[in-house]
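# Understanding the architecture of this molecule
Listed below are the residues making up each chain.
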Amino acid sequence: MNTSTVDMHGVLFTPTWTRLTQTAAPGTRWVTVRDAVNWRVGQLVAVPTSVWKDECRNQNEVRQIQSVSADGKNITFTTALQFLHYG
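Just so it is clear, the model here is predicted, and its values are computed rather than measured.

Quick look at the pattern of salt bridges now. Tallied over the full model, the rule gives two salt bridges. Salt-bridge contacts for D35 lead to R34; the nearest nitrogen and oxygen are separated by 3.6 Å. The class for D35 is partly exposed, based on a relative accessible area of 28%. What makes R34 partly exposed here is its relative accessible area of 42%. E61 serves as the salt-bridge partner of R63, at 2.6 Å between the closest nitrogen and oxygen. As far as the burial class goes, R63 and E61 line up, both buried.

To continue, consider the pairing of strand β2 (residues 44–47). Along β2, the buried face is formed by V45 and V47; none of L44 and A46, which line the opposite face, is buried. Pairing geometry for β2 and strand β3 (residues 61–68), over four bridges, is antiparallel. In the sheet register, V47 faces β3, and the bridge partner there is E61.

As for its position among the elements, H85 is in the segment after β4 (74–77). For H85, a relative accessible area of 1% gives the class buried. Among the polar contacts made by the side chain of H85, one reaches the side chain of E61 at a distance of 2.6 Å. Residues contacting H85, with those up to four places away along its chain left out, are L20, Q22, T23, A24, V47, P48, T49, S50, Q59 and E61.

Thresholds applied
- Residues numbered from 1 in each chain as written.
- Predicted model: local features only at pLDDT ≥ 70, side-chain atom pairs only at ≥ 80, totals over all residues.
- Heavy atoms only, no water.
- Salt bridge = Lys/Arg side-chain N within 4 Å of Asp/Glu carboxyl O.
- Buried < 20%, exposed > 50% of the residue type's maximum accessible area, 1.4 Å probe, protein only.
- Helix = DSSP H or I, 4+ residues; strand = E, 2+ residues; numbered from the N terminus.
- Pairing = 2+ DSSP bridges.
- Polar contact = N/O pair within 3.5 Å; in protein donor to acceptor, adjacent residues only side chain to side chain.
- Contact = heavy atoms within 4.5 Å.

Okay, structure coming up:
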């Protein structure tokens, strides 16, 4: 235990979360985020609800990344968002 070593390998994806810079309407397949990300095509992204009380409506959405712009701030999903998400 005191002499143990942890050796981890892999890519650090950052940031782990960021904010939308503009509101994403239902039917939109892309979002613009405040902080540049190094996320990759095929990864899943959680877009949390913007509803104040979401006990019954569950407007959290998980989407797969189709593309990320060169500056890391525009993310396109493979399927459109179903709900409004405030930026």
